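Per-entry structural report
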Amino acid sequence: MSTLKVGTIQNADGTRTKYTASAWVNFSGANTPTIRGSKNVSGITDLASGEFRINFETAMADNNYTCVSTGGVIETTAGQIYQVHACGTNLQEKTTTYALYQTRTVDNDAPSMGTTDSESCYAAFFGGDA
């Protein structure tokens, strides 16, 4: 089997391709944030319950990048509790050097929302390449 190692994938004209993530991170937000894997992320800052700052190792070229994040369902004996994850949802919550990441829980039986520190946090950032 062959191994292919590259530093940067480029388009035919020499410009950097926009089809790969500029940054991504898989982290636990429970207790002290712990990064399990990442690209172009220098660290996670715990701001408050359910509030994190994802810090980029290399700054984005501008604020026009997109963040994709995930949420999940927690099964309980009383019903389902959904986790909602969001990052960089408006220009005040993202800069070229970081994006805010928030986790919330929504109870299926009692329509209420609260902050929570999630064990499973995932985000990928596209665009804004330097």
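Structural notes, computed from the coordinates.

The rules behind the values
- Residues numbered from 1 in each chain as written.
- Predicted model: local features only at pLDDT ≥ 70, side-chain atom pairs only at ≥ 80, totals over all residues.
- Heavy atoms only, no water.
- Salt bridge = Lys/Arg side-chain N within 4 Å of Asp/Glu carboxyl O.
- Helix = DSSP H or I, 4+ residues; strand = E, 2+ residues; numbered from the N terminus.
- Buried < 20%, exposed > 50% of the residue type's maximum accessible area, 1.4 Å probe, protein only.
- Phe/Tyr/Trp six-rings, centres within 6.5 Å; stacked < 30°, edge-to-face > 60°.
- Lys NZ or Arg CZ within 6 Å of the ring centre and 35° of its normal.
- Disulfide = S-S within 2.5 Å.

Turning next to the pattern of salt bridges. Per the counting criterion, the structure on display carries 2 salt bridges. Among the ionic pairs, Glu119 bridges to Arg36, the shortest N-O distance being 3.2 Å. Of this pair, Glu119 sits in the loop between strand 9 (113-115) and strand 10 (121-126) while Arg36 sits in strand 2 (residues 34-39), and the two are 83 residues apart along the sequence. The exposure class assigned to Arg36 is partly exposed, which follows from its relative accessible area of 43%. Ionic pairing is found between Arg104 and Glu51, a salt bridge with its closest N-O pair at 2.5 Å. Taken together, the residues span a long stretch of sequence, with Arg104 in strand 8 (residues 98-107) and Glu51 in strand 4 (residues 51-56) at a distance of 53 residues. For the pair Arg104 and Glu51, one class covers both residues: buried.

Scanning the entire structure with this criterion turns up 5 aromatic pairs. Plain terms: the ring middles of Phe27 and Tyr101 are 5.4 Å apart, the flat faces sit at 65° to each other, and that makes the pair edge-to-face. With Phe27 in strand 1 (residues 23-28) and Tyr101 in strand 8, this residue pair connects regions lying 74 residues apart in the sequence. Note on Phe27: relative accessible area 0%, which makes it buried. Judged by centre distance (5.0 Å) and plane angle (85°), the ring pair of Phe56 and Phe125 falls under edge-to-face. Of this pair, Phe56 sits in strand 4 while Phe125 sits in strand 10; the two residues are 69 residues apart in sequence, bridging distant segments of the chain. Neither residue differs from the other here; Phe56 and Phe125 are each classed as buried. Chaining the aromatic ring pairs together yields one cluster made of Phe27, Phe52 and Tyr101. Looking at Lys94, its charged tip hangs above the ring of Tyr65, at a distance of 4.5 Å from the centre.

Per the counting criterion, the structure on display carries 1 disulfide. A sulfur-sulfur distance of 1.6 Å marks the disulfide that ties Cys67 to Cys87. The disulfide joining Cys67 to Cys87 has a torsion of about -85° about its S-S bond and is therefore left-handed. With a gap of 20 residues between them, Cys67 in strand 5 (residues 66-69) and Cys87 in strand 7 (residues 79-87) connect regions that are remote in the sequence. You can call Cys67 buried: its relative accessible area is 18%.

As a further point, take unusual backbone geometry. Positive phi outside glycine occurs at Asn31, with the angle close to 60°. Note that Asn31 resides in the loop between strand 1 and strand 2. Positive phi values are uncommon outside glycine, yet Asn40 reaches one of about 60°. By secondary structure assignment, the location of Asn40 is in the loop between strand 2 and strand 3 (41-48). With a relative accessible area of 17%, Asn40 lands in the buried category.

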